[in-house]
Amino acid sequence: MNLENANYIVMPNTSAVLVLPVNGGETARFVEVETKAARYFSRDNWLFDAASFLEQDSLAQRLSKLATFEGIATEKFEGILENVLASIIPGAEVNYMVFIENEHLLIAHTDSVIQNHLV
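Overview of the structure.

The rules we used
Residues numbered from 1 in each chain as written. Predicted model: local features only at pLDDT ≥ 70, side-chain atom pairs only at ≥ 80, totals over all residues. Heavy atoms only, no water. Salt bridge = Lys/Arg side-chain N within 4 Å of Asp/Glu carboxyl O. Helix = DSSP H or I, 4+ residues; strand = E, 2+ residues; numbered from the N terminus. Buried < 20%, exposed > 50% of the residue type's maximum accessible area, 1.4 Å probe, protein only. Core = buried A, V, L, I, M, F, W, Y, C linked by side-chain atoms within 4.5 Å. Contact = heavy atoms within 4.5 Å. Pairing = 2+ DSSP bridges. Axes fitted to C-alpha atoms, helices over the stretch in contact; angles between N-to-C directions.

1. Focus: the pattern of salt bridges
Alright, step 1. All chains considered together, the criterion is met by 2 salt bridges.
Alright, step 2. With a shortest N-O distance of 3.1 Å, E101 and R39 are connected by a salt bridge. Here the residue E101 occupies a position in strand β6 (residues 96–101), and R39 occupies one in strand β4 (residues 39–41), the gap between them amounting to 62 residues.
Alright, step 3. Given the relative accessible area of 14%, E101 is considered buried.
Alright, step 4. Judged by relative accessible area, which is 25%, R39 ranks as partly exposed.

Written as structure tokens, this is what we have:
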């Protein structure tokens, strides 16, 4: 994925959280990272925007549709995630975007994500 065909761009030097499935997707491990370079995502890789009032499904409902994450797809997960985000990225507990990146999730504050409407 590159800039020309990306719908979403997570800026470089941004604090983010990776969610890695563990024990066959039954539990999750949260890892704090700082992006070294911009990360590009298509609409197919975008999973959730916590700040959107247009969301029809919760994050848990969306995760339950992904085999890798169906074990952690509970409403409890969202509360845990919000607590993790609050401790790592202030303000992100209510304003975050979730992307699928390989076999894990990348979560960043919405202020760190640029939406490319030209694609």
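2. So, the nonpolar core
Alright, step 1. Ranked by size, the top nonpolar core spans 20 residues in total, and within it L47, L59, L63, L85, Y96, V98 and L105 carry the most contacts.
Alright, step 2. It is helix α2 (residues 75–88) that contributes the most residues to this core, 4 residues altogether.
Alright, step 3. Not counting chain neighbours up to four residues away, the residues in contact with L47 comprise L59, R62, L63, L66, V98, F99, I100 and L105.
Alright, step 4. Counting residues in each nonpolar core, the second largest holds 11 residues, with A16, F99, A108 and V113 among its members.

3. Some points on the sheet that holds strand β7 (residues 104–109)
Two modes of strand pairing occur in sheets, parallel and antiparallel, and in both the strands are linked by backbone hydrogen bonds.
Alright, step 1. The antiparallel open sheet is built from 5 strands, whose spatial order is β3-β2-β7-β6-β5. Of all strands in the sheet, those with a lone pairing partner are β3 (27–34) and β5 (46–49), marking the two edges. The mean inter-strand angle of the sheet, taken between neighbouring strand axes irrespective of direction, is 20 degrees.
Alright, step 2. Packed onto the sheet, α2 meets β2 (15–22), β3, β6 and β7 and runs at close to 20 degrees relative to β3.

4. Here's the deal with the sheet that holds strand β8 (residues 113–115)
Alright, step 1. Strands sit in the order β4-β1-β8 across an open sheet of 3 strands; the sheet is antiparallel. Each of the sheet's edge strands pairs with one partner strand only, and the pair in question is β4 and β8. Recorded for the sheet is a direction-independent mean angle of 20 degrees between the axes of neighbouring strands.

No statement about biological role is implied by the geometric values presented.
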